[in-house]
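Structure at a glance
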Amino acid sequence: MFVILTPPAFERVKPLFADMAYHLAIVTVLAGKTPGQVYVDDPEAPQTALLLPTNPHRIYLAGRAGHPDLQQTIQAILAQKYHELSPGADGYGALLYYPTGDENWQALLDTVFQGQETFMGEREFHRLKLPHTTISSPLPEGFVLRRLHEKLLQELEPTNRAHVLEEICSESPSLEHFLTYNFGLCAQHEHTLAGWCLAEYRDQERCELGIETQEDYQRQGIATALAQAVIEQAFVEGATEIGWHCWAGNTASVATARKLGFEKALDYPVYYCQYRQEA
């Protein structure tokens, strides 16, 4: 039977997630900087763990895949999330991350999701460390670079503000939490945000980037300019390493990362399920 671990005992599962520490969502949850839940098979000496960060569509798995209650536990968590987030016909989309190269986890998930709509994908993790080479990537004429803060968000028209808040709260529990622990820069054209780049999951000297450019402003170099500005600011504020996650097939994202000086560190698998209660 799996139980929820209390935060003071999170230290006990860090060894299980050591090989997945390139996910700062895991690192910041275990450090108490990002709210999250950790399920374990044994609270005193855990051998298997499931970590659920703020993002309700992600589950991180670690340790042994052979526990007899593990399949039932994963299915119970998915059923709970389904009822909380998507009780309609579309279902609940879940991304499950597990140790690279462990065929036992893949076999388990095949069983867990039998009859569900699933696919297995490959993602890439890229890393940028100090020292790095600064590239020249100015914003197009007529655009202004601004730091995201509450007053700026209040100035935006409602739809634009909603898009930014949705992105912020996909990785942070609230705007207040984001502004306390993270930061972001945006490219503004009049009262419209053309795009934004967020420094997320900041932990000591590390952070990860999240970037989005509005459809009408794409292919103008805005994403590169924003990312470069956030990189420079992150290093000024004490970062020494910045992470970049993307799908292996997202050639545009990979190209932007390389242009900015990121180096590919590894590939890792992800299991996606569009979960429905009645499969």
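Use the structure listed above.
Residues numbered from 1 in each chain as written. Predicted model: local features only at pLDDT ≥ 70, side-chain atom pairs only at ≥ 80, totals over all residues. Heavy atoms only, no water.

Under the definition given, this model contains 14 salt bridges. Measuring nitrogen to oxygen at the nearest pair gives 2.9 Å for the salt bridge that ties Arg 58 to Glu 171. Of this pair, Arg 58 sits in strand β4 (residues 58–63) while Glu 171 is found in helix α5 (residues 158–171), placing the two residues 113 residues apart along the sequence. For the pair Arg 58 and Glu 171, one class covers both residues: buried. Here Arg 127 makes a salt bridge to Glu 241, at a shortest N to O gap of 3.1 Å. With Arg 127 in strand β6 (residues 117–129) and Glu 241 in strand β11 (residues 241–247), this pair connects stretches of sequence that are 114 residues apart. Judged by relative accessible area, Arg 127 falls into the partly exposed class, the value being 27%. (Salt bridge = Lys/Arg side-chain N within 4 Å of Asp/Glu carboxyl O. Helix = DSSP H or I, 4+ residues; strand = E, 2+ residues; numbered from the N terminus. Buried < 20%, exposed > 50% of the residue type's maximum accessible area, 1.4 Å probe, protein only.)

Mapped onto the elements, Gln 106 comes out in helix α3 (residues 103–112). Spatially, the C-alpha atom of Gln 106 lies 39 Å from that of Ala 225, the residues being 119 residues apart in sequence. Apart from the residues within four sequence positions on either side, Gln 106 is in contact with Tyr 98, Met 120 and Tyr 271. (Contact = heavy atoms within 4.5 Å.)

Here the bond from Leu 130 into Pro 131 is cis, since omega is -10°, no more than 30 degrees from zero. Of note, Pro 131 is situated in the loop between β6 and β7 (144–147). Even without being a glycine, Gln 204 presents a positive backbone phi close to 55°. Position of Gln 204 among the secondary structure elements: in the loop between β9 (192–203) and β10 (206–213). The phi dihedral of Arg 219 falls on the positive side, at around 65°, and the residue is not glycine. On the secondary structure map, Arg 219 appears in the loop between β10 and α7 (222–236). Judged by its relative accessible area of 88%, Arg 219 is exposed.

We now examine the packing of aromatic side chains. Here the distance between the centres and the angle between the planes together describe a pair of aromatic rings. One pass over the full model with this rule turns up ten aromatic pairs. Ring geometry for Phe 119 and Trp 247: centres 6.0 Å apart, planes at 45°, overall tilted. Taken together, the positions of Phe 119 in strand β6 and Trp 247 in strand β11 put the pair 128 residues apart, joining distant regions of the chain. Owing to a relative accessible area of 30%, Trp 247 belongs among the partly exposed residues under this scheme. Taken together through their ring pairs, the aromatic side chains of Tyr 22, Tyr 60, Tyr 97, Phe 125 and Tyr 268 make up a single cluster. In this structure, Arg 123 packs its charged tip against the face of Trp 247, placed 4.9 Å from the ring centre. (Phe/Tyr/Trp six-rings, centres within 6.5 Å; stacked < 30°, edge-to-face > 60°. Lys NZ or Arg CZ within 6 Å of the ring centre and 35° of its normal.)

Extensive coverage of β4 is indicated by the burial of five of its six residues. Two elements, strand β3 (residues 48–52) and β4, share four bridges in a ladder whose sense is antiparallel. For Leu 50, the partnering residue across the bridge sits in β4 and is Leu 61. Hairpin connection from β3 to β4: five residues lie between these consecutive antiparallel strands. With three bridges connecting them, β4 and strand β5 (residues 92–97) associate as parallel partners. Counterpart to Ile 59 in the pairing with β5 is Leu 96. (Pairing = 2+ DSSP bridges.)

Mapped onto the elements of the fold, Gly 36 is located in the loop between α1 (24–30) and β2 (37–40). In sequence terms Gly 36 and Pro 53 are 17 residues apart; their C-alpha atoms lie 4.3 Å from each other. Setting aside its immediate chain neighbours within four residues, Gly 36 contacts Phe 10, Val 29, Leu 52 and Pro 53.

The next thing to look at is α7. End to end, α7 covers 21 Å across 15 residues, agreeing with the expected 21 Å (1.5 Å per residue, within 8%). Summarising burial for α7: eleven of the 15 residues are buried, a large majority. Restricting attention to buried positions, one finds in α7 the residues Ile 222, Thr 224, Ala 225, Leu 226, Ala 227, Gln 228, Ala 229, Val 230, Ile 231, Ala 234 and Phe 235. Two residues or fewer past α7, Gly 238 is found with a positive phi of approximately 110°. (Expected span 1.5 Å × (residues − 1).)

That's the geometry; what it means functionally is another story.
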